[in-house]
There are 2 protein chains.
Amino acid sequence: MSTPRATKVTPLSGFPEYLPEQRVVEQHFIDVIRSTFELHGFPSIETRAVEPVERLLGKGGDADKEIYGIHRLADDEGGAPGRESELGLHFDLTVPFARYVVENAGRLNFPFRRHQIQKVWRGERPQEGRYREFTQCDIDVVDVGELAPHFEAEMPLVMAEIFAKLPIPPMVIQVNNRKIPEGFYRGLGIEDVAGTLRTVDKLDKIGPDKVAALLVEAGRTTKQAQAVLALAEIRTQDTSFVERVRALGVEHPLLDEGLEALAAVIDTGAAAAPGAMVADLRIARGLDYYTGTVYETQLVGYESWGSFCSGGRYDELASDGKNTYPGVGISIGLSRLLGLLLGKGLVGASRKSPSAVLVAVTDEGSRPASVAVATALRARGIPCEVAPAAAKFGKQIRFAERRGIPYVWFPGAGEGDGDQVKDIRSGEQVDADAAAWECPAADLRPQVVALGE
Amino acid sequence: MSTPRATKVTPLSGFPEYLPEQRVVEQHFIDVIRSTFELHGFPSIETRAVEPVERLLGKGGDADKEIYGIHRLADDEGGAPGRESELGLHFDLTVPFARYVVENAGRLNFPFRRHQIQKVWRGERPQEGRYREFTQCDIDVVDVGELAPHFEAEMPLVMAEIFAKLPIPPMVIQVNNRKIPEGFYRGLGIEDVAGTLRTVDKLDKIGPDKVAALLVEAGRTTKQAQAVLALAEIRTQDTSFVERVRALGVEHPLLDEGLEALAAVIDTGAAAAPGAMVADLRIARGLDYYTGTVYETQLVGYESWGSFCSGGRYDELASDGKNTYPGVGISIGLSRLLGLLLGKGLVGASRKSPSAVLVAVTDEGSRPASVAVATALRARGIPCEVAPAAAKFGKQIRFAERRGIPYVWFPGAGEGDGDQVKDIRSGEQVDADAAAWECPAADLRPQVVALGE
């Protein structure tokens, strides 16, 4: 502890912080996410905040721009340290997880499932919905050598269960399989799969006409371009996408594999969580490294905000030279989601204090009696606090009101020196015994609820 | 997500990471700490990981050595950025909290109580029980202008309740009040209070004879030195320390204030948590900035590890030029505590998986039936997972065994195609219905228990 000087304080752009009443919302979301991950058998791990910069850079050189390196201030005089030994803050939870799997492979049981809820950092220029420090909530399953395909259907179901439990507008998980566009393009005679995908990915921004023009410009025939766009337009809640793709008359073994795999995921989804998932053949998320199923998620009514929950299957999450570790994972961008919901006033907490009861203090001499009431209430799991000063009762009630604390307890206020408790919302005041009083379940903890916009 | 190259992986000294079974222990500790903080009415806040370096340096120039600065790798070519604009990782939770209070003063209700459980970073050379990344669990109460003294008695009681709930050896919270040594020294005619405290702080390391010699060397009389040592020897479970100090025959108004304040804290403690607290007049923790009560905490039997929970009262936590904000706080060094407990094998988890049940798969064609069982169990709050492959049942049981999952569910194994569930510890297998089966409460979640050394 050291007392800082009285310098001016200003928020840092891109580093959001919450007031206690907003943090109640964030904690509720994290509690629901964690408990659902655990219900599905995903244990928690945490990884250190830093990795060697060399590992963070990995492939994809442009990640470079986003990474924060760290350095000991005491080393500053000696100039910046060389990159070999340098550490940087992780920018996602997948790179550290891959390293953790390789590092601990001998002590983990495969297939290994884990969840991870942690902050990550990116040195990007902040903009709406983008932060420099933000929280990600990931699940992954990783195996040695081969990974069973049924895990690809399991991942989005866990997320659908979470979305159904949260006080948010409906979420739709869009699922694709990278083998579908790749097989389809190859069946059309298009060799430049990656380039075509990149062009199709611009559909939302520039529209189908310009995408078609770009494809033709890149050497595709008009017919090929039209077929590519026709595939991207297919979006179905059930497995009817298979027929619609077949109707386009393109054939390729990879396309068959992709259609079968996606149909299995959509079938499982339709049975377990009707309406939560759609097959969307436009989804092109990270198709350069994902090798099978890919996921994105839109909040209905806020599609322009992009995806709040994404992931996919990769055949090589990690490798230690001897073994490769294929995996499938999906991640909620919690800070982005809360940024939207709190920013638009779509969600809120019923109170900012965890206390359900404020125990009033009649005079400072009787404070021990008030403390004893609080101890008795806590022993039965009722969160409470004792009034900070033996002020007039009206002032003590206002103290509770300002924090949203629903009950004020008055020791010795009843007949025969018994206690009384007042619901300050209704004004009702009744005799009560700290060893027996039942706090209504809805008042025990702050409630987090959806609000109208 | 980007796939890292297959570079070698080595742990980073000072950045501890846990295996899933160790993380279960850490999560249990955090859950107990958080829920107890909430029972006592402390809402949660989190602050961003970074502060302006200028603020981190504050007073106490030697904090400098411990701070990690951060820099965007993309900026590296331009040389190290100037310190004015530089950001660093926070090294405790008090400095960021002080800044948060000043920044949000208009939106907080005072007295403001909060808890904060977060990682902090220090660029120190790592050694046993010292880390470069570690988790702290803080509570503080802060007010505007003046802070009522009863909060000084409340802080250690919250911690005593936590320690009583955790599967750890007994903790003893040692309490002192800085006014006692200061008043006592002044009453003895010693003007150099800070220098005397620093010398007395060496008692554990060099013993009373050498401390006495150092005091005399610094100009104290032999009689003064003996009185200083006599004060430091006083340690009582009740308020009898007052009489023992009085018996030393020293008088000073500040000493009277300190004795009265400490007696009030010890009285409250003895009433609410007998045996949890002692008055220990040797405790000299941070007496340069604490202004009243100070706390340290020893784990009985592991005194040489130092304090696992410390804090105190400071008259100026923060200041914005117009107002000062006095506060009192106490902090658990969770990573240090877990480092000891896990390192010595004093605590462990009953299993590494959150799953209470593994639902077996008879053949891949019937996987949907197994998924349906899992969905039914989860709907009633029973964590479970479905076997990864339709292997022989013996292999599926071993899959559960290796993860500590206590039950294996066999769909359709009973009479009339009913299900059966096997407790793989006892071998008992009985008919069961996923819509009705009750998982014994002790098996629902991993249990965290004390182990013999």
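Thresholds applied
Residues numbered from 1 in each chain as written. Chains lettered and ligands numbered in written order. Predicted model: local features only at pLDDT ≥ 70, side-chain atom pairs only at ≥ 80, totals over all residues. Heavy atoms only, no water. Helix = DSSP H or I, 4+ residues; strand = E, 2+ residues; numbered from the N terminus. Buried < 20%, exposed > 50% of the residue type's maximum accessible area, 1.4 Å probe, protein only. Contact = heavy atoms within 4.5 Å. Areas by Shrake-Rupley, 256 points an atom, 1.4 Å probe, with all protein chains shown as cover. Lys, Arg positive; Asp, Glu negative; His and termini not counted. Charge placed at Lys NZ, Arg CZ, Asp CG, Glu CD. Least-squares fit on C-alpha atoms with pLDDT ≥ 70 in both. Buried area = accessible area lost by both parts, 1.4 Å probe. Salt bridge = Lys/Arg side-chain N within 4 Å of Asp/Glu carboxyl O. Polar contact = N/O pair within 3.5 Å; in protein donor to acceptor, adjacent residues only side chain to side chain. Nonpolar A, V, L, I, M, F, W, Y, C, P; charged D, E, K, R; others polar. Pairing = 2+ DSSP bridges. Axes fitted to C-alpha atoms, helices over the stretch in contact; angles between N-to-C directions. Parallel < 35°, antiparallel > 145°, perpendicular 65-115°, else oblique. Left-handed = near helix turned anticlockwise from the far one by under 90°. Phe/Tyr/Trp six-rings, centres within 6.5 Å; stacked < 30°, edge-to-face > 60°. Lys NZ or Arg CZ within 6 Å of the ring centre and 35° of its normal.

K.L.:
I keep staring at the overall build of chain A and nothing clicks. Help me out?
P.N.:
The secondary structure content of chain A amounts to 14 helices and 18 strands. Projecting the C-alpha coordinates of chain A onto the three principal axes gives extents of approximately 90 × 60 × 45 Å. The buried share among the 453 residues of chain A stands at 58%. If you take every contact in chain A between residues at least 6 apart in sequence, the share linking residues at least 24 apart comes to 69%. As presented, chain A carries roughly 18,300 Å² of accessible surface, and 49% of it is formed by carbon and sulfur atoms. One finds the centroid of the 51 positive side-chain charges in chain A at a distance of 5 Å from the centroid of its 64 negative side-chain charges.

K.L.:
Just to check I follow, could you spell out the relation of the copies chain A and chain B for this structure?
P.N.:
These two copies of the chain differ by a rotation about an axis and a displacement along the same axis. When chain A is brought onto chain B, the operation consists of a screw motion whose angular component is 180° and whose axial shift is 0.0 Å, with 0.1 Å RMSD remaining. Put plainly, the chains are arranged around a two-fold axis. The C-alpha atom lying nearest the rotation axis in chain A is that of Ile70(A); the distance is 2.2 Å.

K.L.:
I tried to follow the interface of chain A and chain B on my own but got confused; where do I start?
P.N.:
It is common to give the size of an interface as the accessible area that goes away when the parts come together. In this complex, chain A contributes 105 residues to the contact, which on the side of chain B involves 105 residues. Both faces considered, chain A and chain B share a buried interface measuring about 9,500 Å² in area, 55% of it formed by carbon and sulfur atoms. A salt bridge links Arg34(B) to Asp31(A), with the nearest nitrogen and oxygen atoms 2.8 Å apart. At the boundary of chain A and chain B, one finds 41 residue pairs in polar contact (both at pLDDT 80 or more). Taken together, the residues that form the side of chain A that touches chain B break down as 47 nonpolar, 23 polar and 35 charged. In this sheet, strand β2 (residues 68-72) of chain B lies alongside strand β2 (residues 68-72) of chain A in antiparallel orientation, the contact comprising five bridges. From the neighbouring strand, Arg72(A) faces β2(B), where its bridge partner is Tyr68(B).

K.L.:
Would you mind showing me how to read the packing of helix α1 (residues 20-39) of chain A against helix α4 (residues 150-165) of chain A here?
P.N.:
In a pair of packed helices, the angle between the axes and the distance between the axes together describe the arrangement. All names here are of chain A. With their axes 10 Å apart at the nearest point, α1 and α4 run at an angle of 140° to one another. Put simply, α1 runs oblique to α4. The two elements α1 and α4 meet at a crossing, and its hand is right-handed. Across the interface between the two elements, Val32, Ile33, Thr36, Phe37 and Leu39 from α1 touch Val158, Met159, Glu161, Ile162 and Lys165 from α4.

K.L.:
Just checking my understanding: could you explain the packing of aromatic side chains for this structure?
P.N.:
The relation between two aromatic rings is expressed through the spacing of the ring centres and the mutual angle of the planes. Residue and element names in this part refer to chain A. Considering all chains together, one arrives at 13 aromatic pairs over all chains under this definition. With 5.0 Å between their ring centres and 75° between their planes, tyrosine 407 and tryptophan 437 make a pair best called edge-to-face. With tyrosine 407 in strand β15 (residues 407-410) and tryptophan 437 in the loop between β17 (429-432) and α14 (441-444), this residue pair connects regions lying 30 residues apart in the sequence. You'll find tyrosine 407 and tryptophan 437 in the same group, each marked buried. Over the face of the ring belonging to phenylalanine 399 we find arginine 403, whose NZ or CZ atom lies 3.5 Å from the ring centre.

K.L.:
Is there a simple way to think about the pattern of salt bridges in this case?
P.N.:
Pairing between side chains of opposite charge can happen when the charged atoms of each approach one another. A full pass over the atoms with the stated rule returns 52 salt bridges over all chains. With a shortest N-O distance of 2.7 Å, Glu46(A) and Lys119(B) are connected by a salt bridge. Of this pair, Glu46(A) sits in the loop between α1 and β1 (50-52) while Lys119(B) sits in strand β4 (residues 112-121), each in a different chain. Its relative accessible area of 19% is what places Glu46(A) among the buried residues. Salt bridges here are not isolated pairs; linked through shared partners, they connect Glu17(A), Arg48(B), Glu51(B), Arg99(B) and Glu103(B).

K.L.:
Would you take a moment to explain helix α8 (residues 222-232) of chain A for this structure?
P.N.:
Structural remark: α-helix, 3.6 residues per turn; residues separated by three or four positions point the same way. Taken together, the buried positions of α8(A) are occupied by Gln224(A), Ala225(A), Ala227(A), Val228(A), Leu229(A), Leu231(A) and Ala232(A). On the buried face of α8(A), the contacting elements are α5 (179-187), α6 (193-200), α7 (203-217) and α9 (241-246) of chain A.

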